[in-house]
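Listed below are the residues making up each chain.
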Amino acid sequence: MRSTRLKKWAAGAAVASAGILLAGCTPNQTRGFLPEGSEGATNHTDSIIGLWTTSWIVLLVVGVIAWSLVIWATIAYRRRKGETGVPVQLRYNMPIETLFTVIPVILIIGFFAFTAKTQSAIEEPIANPDNRIEVIGKRWAWDFNYTDENVHFSGVQVQTDQNGSPTADTMPTLYLPVNKSTEVKLESRDVIHSFWVVEYLYKKDMIPGKTNYMYFTPTKTGTFVGKCAELCGEYHSNMLFQVKVVEQDEYDAYIASLAANPENQGLLSVDYNPNQNLPGTSAPEGH
Ligand SMILES: [Cu+2]
């Protein structure tokens, strides 16, 4: 009787304190200190934020229990005045050993299951995407093929100001229409790069000779930060770009502006590859 009442009290207190804690959270805290603007940026970001913050809450609860037990044991069982030798040793306590084997196994299975579920949803190919883009990484810039519209933009490495900071208006910019399911085909011209839109909370390698894909629907208009996330040489840190997610009419206007310039017509291939020793390519003369 007494223990059920105690349990009810404990459960009530736990719910109330969780409520108070969450109500007092800033947006930065509720998204687990992930990049600003990532909430609702694509159809995947909210599930990633959920997985991340829930994992932290579960792990912090485990941490608080473990730390409390450690601190309690060191204080309660400290050596008192006049005590000598080693205290009575405890071993083969089956309930405790079962507990600290079973609980971590349950936690690991849980983390694995939720991670696998989220990741397979993110990796699920879109059969007929509304929009197909091909991004080609190159030291140290980006080329964007607008596959369906048969136009391209060839990026030049971002310029820096006198302090060495990159200037936003010289960044290669990828335009995407909002709320359109998008397939991004990833290629490289030279070494391994990684396509990372910071607020999209996902990155994927661009590997010479191998094609990777990313699938998502941009669900928020705005300008997003893009970076190469794989160390690729001297100016890796300047291998930056922007993603501008815009309404369809603004996107169409941008595509029309590209199509108006003969230089941007057609699609780029990965043929302009400075690496001459990829598999199937013979060594240059004289080597
Ligand atoms: Cu790179």
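Please refer to the structure placed before this passage.
Predicted model, so just to flag it, every value in this text is computed and none were measured.

Here we look at the side chain of Thr 45
Link 1 in the chain: Residue placement: Thr 45 occurs in helix 3 (residues 45-76).
Link 2 in the chain: Look at Thr 45 and you get buried, because its relative accessible area is 0%.
Link 3 in the chain: For Thr 45, the residues in contact, after removing those within four places along its chain, are Ser 38, Glu 39, Gly 40, Glu 199, Tyr 200 and Leu 201.

Some words on the sheet that holds strand 6 (residues 193-197)
Link 1 in the chain: Pairing is mixed in the open sheet, where five strands are placed in the order 4-10-9-6-7. Both outer strands of the open sheet, strand 4 (173-177) and strand 7 (202-206), are each paired with one neighbouring strand and no more. Pairwise comparison of adjacent strand axes, ignoring direction, gives a mean angle of 25° for this sheet.
Link 2 in the chain: With six bridges connecting them, strand 9 (residues 222-228) and strand 10 (residues 240-246) associate as antiparallel partners. Its bridge partner lying in strand 10, Phe 224 is registered against Val 243.

Observations concerning the coordination of the copper ion
Link 1 in the chain: Binding of the copper ion to the protein goes through His 193 (ND1), Cys 228 (SG), Cys 232 (SG) and Met 239 (SD), at separations of 2.1 to 2.5 Å.
Link 2 in the chain: The site at the copper ion holds four donor atoms, and with the angles between them running 87 to 125°, its shape is tetrahedral.
Link 3 in the chain: Of note, the donors binding the copper ion are all from one chain and are spaced H-x34-C-x3-C-x6-M. By the burial criterion, Cys 232 is buried, and Met 239 matches it.

Quick look at helix 5 (residues 248-259)
Residues lying three or four places apart along an α-helix face the same way, a consequence of the helix completing one turn every 3.6 residues.
Link 1 in the chain: Its 12 residues place the ends of helix 5 16 Å apart at the C-alpha level, agreeing with the 16 Å of an ideal helix rising 1.5 Å per residue.
Link 2 in the chain: Those residues of helix 5 lying buried are Tyr 251, Tyr 254, Ile 255 and Leu 258. Within helix 5, the buried residues cover an arc of 100° as seen down the axis, which keeps them to one side.
Link 3 in the chain: Those residues of helix 5 hidden inside the fold are in contact with strand 1 (131-138), strand 2 (141-146), strand 3 (151-154), strand 4 and strand 10.

Description of helix 4 (residues 94-123)
Link 1 in the chain: Taking 1.5 Å as the rise per residue, helix 4 with 30 residues should run 44 Å; its terminal C-alpha atoms sit 43 Å apart, in good agreement.
Link 2 in the chain: With a side-chain oxygen positioned 3.2 Å from the backbone nitrogen of Ile 96, the residue opening helix 4 is Asn 93.

Structural notes on a nonpolar patch on the surface
Link 1 in the chain: On the surface, Trp 52, Trp 56, Leu 60, Val 64, Trp 67, Ile 71 and Ile 75 cluster together into a nonpolar patch covering about 750 Å² of accessible area.
Link 2 in the chain: For Val 64, the position within the fold is in helix 3.
Link 3 in the chain: Judged by relative accessible area, which is 46%, Val 64 ranks as partly exposed.

Comments concerning the sheet that holds strand 3
Link 1 in the chain: Strand order in this open sheet of five strands is 3-2-1-5-8, and the pairing throughout is mixed. Across the chains shown, the open sheet's two edge strands, defined by having one partner strand only, are strand 3 and strand 8 (212-216). Averaged over all pairs of adjacent strands, the angle between their axes in this sheet comes to 20°, without regard to strand direction.
Link 2 in the chain: Bridge analysis of strand 1 against strand 5 (residues 182-188) gives seven bridges, and the strand direction is parallel. Bridge pairing in strand 5 places Ile 136 opposite Glu 187.
Link 3 in the chain: Along the sheet face, helix 5 touches strand 1, strand 2 and strand 3 and points at about 80° away from the line of strand 3.

Considerations on the environment of Gln 242
Link 1 in the chain: As for its position among the elements, Gln 242 is in strand 10.
Link 2 in the chain: The buried category is assigned to Gln 242, whose relative accessible area is 13%.
Link 3 in the chain: The spatial distance from the C-alpha of Gln 242 to the C-alpha of Thr 173 is 4.7 Å, given a sequence separation of 69 residues.
Link 4 in the chain: Beyond its immediate stretch of four places on either side in the chain, Gln 242 contacts Ala 168, Met 171, Pro 172, Thr 173, Leu 174, Thr 223, Phe 224 and Gly 226.

Re the packing of helix 3 against helix 4
Link 1 in the chain: Viewed as axis vectors pointing N to C, helix 3 and helix 4 meet at an angle of 170°, and their least axial separation amounts to 10 Å. Judged by the inter-axis angle, helix 3 sits roughly antiparallel to helix 4. Contact residues: Ser 47, Ile 48, Leu 51, Ser 55, Val 58, Leu 59 and Val 62 in helix 3; Leu 107, Phe 111, Phe 114, Thr 115, Thr 118 and Ile 122 in helix 4.

Rules used throughout
- Residues numbered from 1 in each chain as written.
- Predicted model: local features only at pLDDT ≥ 70, side-chain atom pairs only at ≥ 80, totals over all residues.
- Heavy atoms only, no water.
- Helix = DSSP H or I, 4+ residues; strand = E, 2+ residues; numbered from the N terminus.
- Buried < 20%, exposed > 50% of the residue type's maximum accessible area, 1.4 Å probe, protein only.
- Contact = heavy atoms within 4.5 Å.
- Pairing = 2+ DSSP bridges.
- Axes fitted to C-alpha atoms, helices over the stretch in contact; angles between N-to-C directions.
- Donors = N, O, S within 2.8 Å, 3.2 Å for Na, K, Ca; no water.
- Tetrahedral: all angles 85-135°; square planar, octahedral: opposite > 155°, others 65-115°.
- Expected span 1.5 Å × (residues − 1).
- Arc of directions from axis to C-beta.
- Polar contact = N/O pair within 3.5 Å; in protein donor to acceptor, adjacent residues only side chain to side chain.
- Patch = residues over 30% accessible without salt bridge, like charges linked within 9 Å, V, L, I, M, F, W, Y side chains within 5 Å.
- Areas by Shrake-Rupley, 256 points an atom, 1.4 Å probe, with all protein chains shown as cover.
- Salt bridge = Lys/Arg side-chain N within 4 Å of Asp/Glu carboxyl O.
- Parallel < 35°, antiparallel > 145°, perpendicular 65-115°, else oblique.

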